[in-house]
Amino acid sequence: MTPTIRPAISLLVLMTLITGIAYPLVVTGVAQLAFPDQANGSLVRDASGKVRGSSLIAQEFTGDSWFHPRPSAGAFATVSSSASNLGPSNPALAARVFDDATKQLVPSQGPVPLASLTTSGSGLDPHLPPQAITYQLARVAAARNVPVATLQRLLDEHIESPLVGPPVVNVLALNMALEKL
């Protein structure tokens with residue numbers, strides 16, 4: 001039995017060193033050299049250098065003076081990032097969407113955009129389509145006593161066109177620019 005156990009333990013130690021120590025260190029080193037911003041969490045800092053969030057993770061903004069992101073199934077906590085697992089026929093999902101739509105409805109603007117009512121798969125998507133932000137312009141403009149045209153220009157400056165998919169707006173970046181107005 002010992003001729004079998006010694007090679008097995010040696011192989012276990014070797015593979016642990018390779019896959020548990022050497023490989024992660026090499027990958028971390030390459031990531032730090034090639035993509036330092038992404039490897040460190042794509043952190044967003046304000047003018048004073050204080051970390052305000054990550055461009056990859058949504059944050060909750062409350063109050064009429066801010067643009068609101070899409071809802072989060074995990075209350076914007078990264079530890080519980082996931083979808084709610086509520087199916088389209090679930091009454092709890094229908095009630096939540098109805099309540100959110102009622103709260104956000106602006107009668108003169110038509111129905112609330114679907115992206116403002118539904119969560120993303122991760123529950124932390126930081127982006128919204130420009131139409132969902134446009135729907136919020138009047139509310140934010142009234143709360144901040146700023147012309148809608150000024151906010152529209154700010155929105156236009158923050159529209160991102162990804163390599164694949166429709167144009168999107170990072171809500172954190174937009175709110176940070178809004179803070180500077």
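Up top is the structure these notes are about.
If you're wondering where the values come from, they're calculated on a predicted model, not measured in any experiment.

Describe the overall build of the chain, naming the residues involved and giving the relevant values.
Within the chain one finds seven helices and five strands. The N-to-C order of helical and strand elements in the chain reads α-α-β-β-α-β-α-α-α-β-β-α. Expected size for 181 residues packed as a compact globule is a radius of gyration near 16 Å; at 23 Å, the chain overshoots this value by more than 25%. Dimensions of the chain, computed from the C-alpha atoms along their principal axes, are close to 80 × 45 × 30 Å.

How would you summarise the packing of aromatic side chains if you had to cite specific residues and measurements?
As enumerated under the stated definition, the model contains one aromatic pair in all. Judged by centre distance (5.7 Å) and plane angle (40 degrees), the ring pair of phenylalanine 61 and tryptophan 66 falls under tilted. Positioned above the aromatic ring of tryptophan 66, the side-chain terminus of arginine 144 is 4.5 Å from the ring centre.

Which residues make up the side chain of serine 116, and what are the values?
Examined against the element boundaries, serine 116 turns out to sit in the loop between α3 (91-104) and β3 (127-128). The class for serine 116 is buried, based on a relative accessible area of 5%. Ignoring sequence-local partners within four residues, the contact set of serine 116 consists of Pro71, Gln104, Ala132 and Gln136.

Go over the pattern of salt bridges, please, and point to the residues and values.
In this structure the tally under the stated criterion is one salt bridge. Across the pair arginine 96 and aspartate 100 runs a salt bridge whose closest N-O atoms are separated by 2.7 Å. Of this pair, arginine 96 and aspartate 100 both sit in helix α3, four residues apart, which is roughly one turn of the helix. Using a relative accessible area of 26% as the deciding quantity, one classes arginine 96 as partly exposed.

Which residues make up the sheet that holds strand β4 (residues 159-160), and what are the values?
Read from one edge to the other, the open sheet built from three strands follows the order β3-β5-β4, with strand pairing classed as antiparallel. The outermost strands of the open sheet, each flanked by one partner alone, are β3 and β4. Across two bridges, β4 lies against strand β5 (residues 168-170) in antiparallel orientation. Looking across to β5, one finds that isoleucine 159 is bridged to valine 169. Helix α7 (residues 171-179) rests against β3 and β5 of the sheet, and its axis sits at about 60 degrees to β5.

Go over helix α5 (residues 137-144) with me, naming the residues and quoting the values.
Where α5 is concerned, the buried positions are Leu137, Val140 and Ala141. On an axial view of α5, the arc spanned by its buried residues comes to 100 degrees, and they lie on one face. In this structure, the buried residues of α5 make contact with α4 (130-134), α6 (148-157) and α7. Looking at the residues trailing α5, positive phi occurs at asparagine 145, about 55 degrees.

Can you explain unusual backbone geometry? Please cite residues and give values.
Phi at asparagine 145 is positive, roughly 55 degrees, even though this residue is not glycine. Residue position: asparagine 145 is located in the loop between α5 and α6.

What counts, and where the lines are drawn
Residues numbered from 1 in each chain as written. Predicted model: local features only at pLDDT ≥ 70, side-chain atom pairs only at ≥ 80, totals over all residues. Heavy atoms only, no water. Helix = DSSP H or I, 4+ residues; strand = E, 2+ residues; numbered from the N terminus. Rg over C-alpha atoms; globule rule 2.2 N^0.38 Å. Phe/Tyr/Trp six-rings, centres within 6.5 Å; stacked < 30°, edge-to-face > 60°. Lys NZ or Arg CZ within 6 Å of the ring centre and 35° of its normal. Buried < 20%, exposed > 50% of the residue type's maximum accessible area, 1.4 Å probe, protein only. Contact = heavy atoms within 4.5 Å. Salt bridge = Lys/Arg side-chain N within 4 Å of Asp/Glu carboxyl O. Pairing = 2+ DSSP bridges. Axes fitted to C-alpha atoms, helices over the stretch in contact; angles between N-to-C directions. Arc of directions from axis to C-beta.

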